[in-house]
Amino acid sequence: MSEALAFDLDIEDIVTEDDEPVDNLASEKQQRLLTEPLYSYPFQPPDSEIFLAAANVGVFYSTHQPPLVPDMFLSLDVQVADNWWEKQNRSYFVWEFGKPPDVAVEIVSNRKGKELDRKLRDYAKIGVKYYVVFDPSHQISTATLQVFQLQGRFYSAQDTTWLEQVGLGLTLWTGAYEGKTNEWLRWCDRNGQVIPTGAEKAEAAQQQAEAAQQQAELAQQQVEAVSAELDAERQRSQRLSDRLREMGIDPTAL
């Protein structure tokens, strides 16, 4: 956006949020599973120290078009303004952040979202590097997970779920998250290991602490066992010495 246009723009004319319910329980939980771990891990972007991961936030790319609202997006090398309650900082304005998000994720819950049609074209149009479609109930495709990478002006389907320019991968993981066992879409490292949530990190740390405590207790038991064995050996030696002396034999001369 030019400086003149940015100066003339009245941010109050833009509707940044409509306060209407927009998602279902499954999608809401899945969105958090894609955002929270990146901050709990914490994720270290390549060639950068900052990033922004958000769910269900409007991405405004034009002052004359409604925003795109991905279920989740990730943008590298950007950060939210300190005064983020001010209207000009409450949404993702591409002209303010200086770039579109690097990843947009759509979670398919019905056949009305046009995730493989209109949204595919829209995200390519604004320059999002990676577009991810997660279709857990196969509403629009037989594929549960599809990853697209921007090649020029259009997306090309990837045969891998590793996002090279982001330094993250995606994987399908079956397990329990916040009490709900399901197949989830999760971030992973290059080796396919899932990026842990804060709760998982805490649980792993607790397990490590308990294992360390058990090892310490076992080592103490071993020390005590050795000490008891040495005491028993000293007692046997003392009894033998006493017996020899009773027999008139000096044990130190043996």
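Provided above is the structure to which this section pertains.
Reference entry: report on the structure contained in this document.

The subject of this paragraph is the overall build of the chain. In terms of helices and strands, the chain carries five helices and 11 strands. Whereas a compact globule of 254 residues would reach a radius of gyration of roughly 18 Å, the chain reaches 31 Å, over 25% beyond that. For the chain, the spread of C-alpha atoms along the three principal axes comes to 115 × 45 × 35 Å. The 254 residues of the chain split such that 35% are buried. Within the chain, counting contacts between residues at least 6 apart in sequence, those at least 24 apart form 58% of the total. Of the roughly 15,700 Å² that the chain leaves accessible, carbon and sulfur atoms contribute 50%. Averaged over its 23 positive side-chain charges, the chain has a centre that lies 6 Å from the centre of its 41 negative ones.

If you walk across this open sheet you meet the six strands as β1-β3-β5-β6-β7-β8, and the pairing is mixed. The two strands at the open ends of the sheet, each matched to only one other strand, are β1 (51–54) and β8 (154–157). Averaged over all pairs of adjacent strands, the angle between strand axes in this sheet comes to 15°, irrespective of strand direction. With three bridges connecting them, strand β3 (residues 72–76) and strand β5 (residues 103–107) associate as antiparallel partners. If you follow phenylalanine 73 over to β5, its bridge partner there is alanine 104. Contacting β1, β3, β5 and β6 (130–134), helix α2 (residues 25–40) runs over the sheet at an angle of about 160° to β1.

Calculation rules
Residues numbered from 1 in each chain as written. Predicted model: local features only at pLDDT ≥ 70, side-chain atom pairs only at ≥ 80, totals over all residues. Heavy atoms only, no water. Helix = DSSP H or I, 4+ residues; strand = E, 2+ residues; numbered from the N terminus. Rg over C-alpha atoms; globule rule 2.2 N^0.38 Å. Buried < 20%, exposed > 50% of the residue type's maximum accessible area, 1.4 Å probe, protein only. Contact = heavy atoms within 4.5 Å. Areas by Shrake-Rupley, 256 points an atom, 1.4 Å probe, with all protein chains shown as cover. Lys, Arg positive; Asp, Glu negative; His and termini not counted. Charge placed at Lys NZ, Arg CZ, Asp CG, Glu CD. Pairing = 2+ DSSP bridges. Axes fitted to C-alpha atoms, helices over the stretch in contact; angles between N-to-C directions.

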